[in-house]
Amino acid sequence: MLEDGFIEHFQITASRENRKGSAEKIDVSIFKKKINKEVNEFYKYCNEKPSYNQVRSKRWIRNNLPEYSYENLVFSFKSNFEKHLKSLEKYNGEKDLSIFLIENEEVNLEMYENSYKDMQNLRCDYPKRQEHFIRYMLSRDKNMLNYIYNFKDKIKYIIYFYEENFEVIKVENIPELFKYLRNEYIILPRKIYETYVVANVSKAFSLRSDNEQD
């Protein structure tokens, strides 16, 4: 809670989501549980048989990932958003500073700016610079920004937090933001593989000082 308001936090996913959670988190949990025994066995082996002349490692690939889509993301976004709005209605504290903190840990959707949409019948002999993101960016999605703007009287700020950075969007200023979004963005799922790696290197050292004699 804040002195003048509140922060509501929730996560979104591009995988299917139900009462048990997202397919992505469930799949990650199952995968880590599956490899946990092998990870512990690797650590045990390295401790019992140290090697001082090489780095030893072991890796696992998670490649049978759930299905990702923009439609799943929209469903996750709206269902969680509206659930927290209902929670907001029951909140009796200060609401002057109302913030929704939306977290997205995934990198399974990418976005391409559709710069050529209005140039289909024109000859273009030079490449146009298109924005391309390897993750979903809320600030470029007019569809979801329009949706959020419907709640400008209830929510003042959206903080969209992703793995390496964040975006802060003042909800009442969304129409102004649209002036800088000249083109639509194509949002597509990425074909990704996740590799988990553990490594070990052993180093010999002595607790004796240099002045000690045998």
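In case you missed it, the structure is sitting above this.
Small disclaimer: the values here were computed from a predicted structure and weren't measured.

Taking 1.5 Å per residue, 26 residues should reach 38 Å; helix α1 (residues 23-48) reaches 38 Å between its end C-alpha atoms and fits that length. Along α1, the helix axis deviates most sharply at Asn36, where the bend reaches about 35°. For α1, every residue scored as buried is listed here: Glu24, Val28, Phe31, Ile35, Val39, Phe42 and Cys46. Buried residues belonging to α1 abut β3 (21-22), β4 (56-62) and β11 (194-200).

This part covers the nonpolar core. Counting 37 residues, the largest nonpolar core has Phe77, Phe81, Phe100, Tyr136, Leu138, Ile148 and Ile158 as the members making the most contacts within it. For this core, the secondary structure elements donating two or more residues are β1 (5-11), α2 (70-89), β5 (97-104), β6 (109-113), α3 (142-149), β8 (157-162) and β10 (185-189). Of the residues forming this core, the biggest block, seven residues, is contributed by α2. If we skip the residues at most four places from it in the chain, Ile158 touches Phe81, Phe100, Ile102, Leu138, Ile148, Glu167, Val168, Ile169 and Val171. One finds Val39, Phe42, Trp60 and Val198 within the second-largest nonpolar core, a separate group that totals seven residues.

Below, the discussion takes up the packing of α2 against α3. Put simply, α2 and α3 touch, their axes get as near as 12 Å, and they point 15° apart. Comparing their axes, α3 and α2 come out roughly parallel. By crossing handedness, the relation of α2 to α3 is classed as right-handed. Side by side, α2 and α3 meet where Tyr70, Val74, Phe77, Lys78, Phe81 and Glu82 of the first sit next to Asn143, Met144, Tyr147 and Ile148 of the second.

Time to look at the side chain of Asn183. Note that Asn183 resides in the loop between α4 (174-178) and β10. In this structure the side chain of Asn183 is engaged in a polar contact, spanning 2.8 Å, whose partner is the side chain of Glu113. With near-sequence residues (within four places) excluded, Asn183 lies in contact with Glu113, Asn114, Ser115 and Lys142.

Between the first and last C-alpha of α2 there are 29 Å, a value that for 20 residues agrees with the 28 Å anticipated at 1.5 Å per step. Buried within α2 we find Tyr70, Asn72, Leu73, Val74, Ser76, Phe77, Asn80, Phe81, His84, Leu85 and Leu88.

What counts, and at which threshold
Residues numbered from 1 in each chain as written. Predicted model: local features only at pLDDT ≥ 70, side-chain atom pairs only at ≥ 80, totals over all residues. Heavy atoms only, no water. Helix = DSSP H or I, 4+ residues; strand = E, 2+ residues; numbered from the N terminus. Expected span 1.5 Å × (residues − 1). Bend = angle between axes of the 7 residues up to and from the residue. Buried < 20%, exposed > 50% of the residue type's maximum accessible area, 1.4 Å probe, protein only. Contact = heavy atoms within 4.5 Å. Core = buried A, V, L, I, M, F, W, Y, C linked by side-chain atoms within 4.5 Å. Axes fitted to C-alpha atoms, helices over the stretch in contact; angles between N-to-C directions. Parallel < 35°, antiparallel > 145°, perpendicular 65-115°, else oblique. Left-handed = near helix turned anticlockwise from the far one by under 90°. Polar contact = N/O pair within 3.5 Å; in protein donor to acceptor, adjacent residues only side chain to side chain.

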